[in-house]
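Results of the structural survey
The residues making up each chain are set out below.
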Amino acid sequence: QGGDTDGEHVAFYSRDMNQGMQERMRIESGLRAALGSGQLELHYQPKFSISSGQIIGAEALVRWRHPERGLVPPAEFIPLAEATGLVVQVGEWVLEAACSQAQTWKQAGLPPIRLAVNVSAREFTSALPGRVTETLKRYGLEPSWLELEITESTLMHNIDRVIGIMDRITALGVTLSLDDFGTGYSSLSYLKRFPIDTLKIDRSFTTGIPSDANDCAIASTIISIAQQLKHKVIAEGVETVEQLAFLKTSGCDEVQGYLFSKPLPAVEFEKALRENWTPVQVPV
Ligand code: C2E
Ligand code: MG
Ligand code: MG
Ligand code: MG
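Here's a quick rundown of the structure.

Conventions and cut-offs
- Sequence order as written defines residue numbering, which begins from 1 separately in each chain.
- Here chains are named by letter from A upward and ligands by number from 1 upward, in the order in which they appear as written.
- Per-residue local features of the predicted model are confined to residues with pLDDT of at least 70, and side-chain atom pairs are confined, for both listing and counting, to 80 or more; whole-chain, interface and lining totals are unaffected and use all residues.
- Only hydrogens and water are set aside when side-chain values are computed; all heavy atoms of the structure are taken into account.
- Secondary structure is summarised from DSSP: a helix means a run of H or I of at least four residues, a strand means a run of E of at least two, and numbering begins at the N terminus for each.
- Burial status follows relative accessibility: with a 1.4 Å probe on protein chains alone, a residue under 20% of its type maximum counts as buried, one over 50% as exposed, and anything between as partly exposed.
- Here a residue counts as near a molecule or strand whenever at least one of its heavy atoms sits within 4 Å of it.
- Pairs of N or O atoms within 3.5 Å make up the polar contacts considered here, provided that, within protein, one atom can donate a hydrogen while the other can accept it, and that residues adjacent in sequence are counted only when both atoms are side-chain atoms.
- For the area figures, the Shrake-Rupley method with a 1.4 Å probe applies, and any residue is considered shielded solely by the protein chains shown.
- For this scheme, ten residues count as nonpolar: Ala, Val, Leu, Ile, Met, Phe, Trp, Tyr, Cys and Pro. Four count as charged, namely Asp, Glu, Lys and Arg, and the remainder, Gly too, count as polar.
- In this description, a donor is an N, O or S atom within 2.8 Å of the metal centre, a cutoff extended to 3.2 Å for sodium, potassium and calcium. Water is not part of the atom list, which can make sites seem incomplete.

It is worth spelling out the environment of tyrosine 190 at this point. Within the element layout of this structure, tyrosine 190 appears in helix 6 (residues 188-191). A relative accessible area of 32% means that tyrosine 190 is categorised as partly exposed. A C-alpha to C-alpha distance of 9.8 Å links tyrosine 190 and isoleucine 163, two positions 27 residues apart in sequence.

This is how it looks when you write it as structure tokens:
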């Protein structure tokens, strides 16, 4: 608009900023309340072994069941929770809820599947291994039921401290995977030092397979890095049989994506598990 006087511009922008800040504060106090009133829930997306076609695990993904806005995806509140520190409480709730669900499924006699929980950089403190130990014990779960997904941003800070925490977690028998791999800034020279079990190829690379030659090259390179370093490798965001076929040929171990299933509420996930989920097979 106009742009004649600086004064008007300042007023215009600061009014905008105020609205942004008010929106953030509104979301933050809403999220705080949501934590206390059972408005958060976990949805579960299955992970499959490419070679056997068997379900080998599931990723727990948080959603906010908002009284007015409906089901709010994590992209709309996790970044803010990370900025304010509230993500630590969200993370505590998520670990608790995932372990409680695993216990329920275990007691119901369902086949054991490993549940993966996303952990933000701010949660990755020296208190985490103890909290994980205590929570697993309380729900009577083997550590092999749990996987933690961390992103490269977690690894960017004090690297020796982070590796120390990772070692304590893997010593428990809990596995670690490196999420959104290739989108961050972690150095390859550090990669070999991390006690991780699995590399996760980010969806932004999977999406371009097979038409985008660069994405294909990146995906196959990540797969061969994983193989050389003796890590497993999973591709997220698999939506087509062509992508699945490419990943299979390239030696990828596991897949996750809408081709097989969207993240499902616990009840629906359990139903699919009982019905002996058979994923799409790769055409020969
Ligand atoms: P992420 O950990 O990389 O999770 C994968 C995201 O990709 C999920 O989105 C999943 O629904 C989506 N996805 C999986 N397969 C497909 C596909 O085939 N096509 C498409 N279009 N999308 C697919 P979601 O659930 O919205 O979560 C987004 C991000 O929010 C997650 O990315 C993770 O970074 C964060 N997040 C989710 N739950 C938690 C949590 O409990 N704690 C923390 N700290 N972060 C979380
Ligand atoms: Mg993840
Ligand atoms: Mg991911
Ligand atoms: Mg991702």
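Next up on the list: the site of ligand 1. Around ligand 1, a shell composed of 21 residues is seen, among which Arg63, Ser120, Asp179, Glu239 and Tyr258 lie nearest. Glutamate 59 is positioned with one of its side-chain polar atoms (N or O) 3.0 Å from an oxygen atom of ligand 1. A distance of 2.9 Å separates a nitrogen atom of ligand 1 from a polar atom in the side chain of serine 120. A total of 800 Å² of accessible area belongs to ligand 1 in isolation, and the protein chains cover 84% of it. Elements that contribute at least two residues to the shell around ligand 1 include exactly strand 2 (55-66) and strand 6 (175-181). A per-element tally of the shell around ligand 1 places strand 2 first, with 4 residues. Counted by class, the shell around ligand 1 contains 8 nonpolar, 5 polar and 8 charged residues.

Take the coordination of the magnesium ion (ligand 3) next. Every protein donor of the magnesium ion (ligand 3) is listed here as Asp179 (OD), Asp180 (OD) and Glu236 (OE), and their distances to the metal cover 2.0 to 2.5 Å. Every donor residue of the magnesium ion (ligand 3) comes from the same chain, spaced as D-D-x55-E. The distance between the magnesium ion (ligand 3) and the magnesium ion (ligand 2) comes to 3.7 Å, with aspartate 179 serving as a donor to both metals. Residue aspartate 179 is located in strand 6, and its partner glutamate 236 is located in the loop between strand 8 (232-235) and helix 9 (241-250); the two are separated by 57 residues in the primary sequence. The pair aspartate 179 / glutamate 236 is uniform in exposure class, with both members buried.

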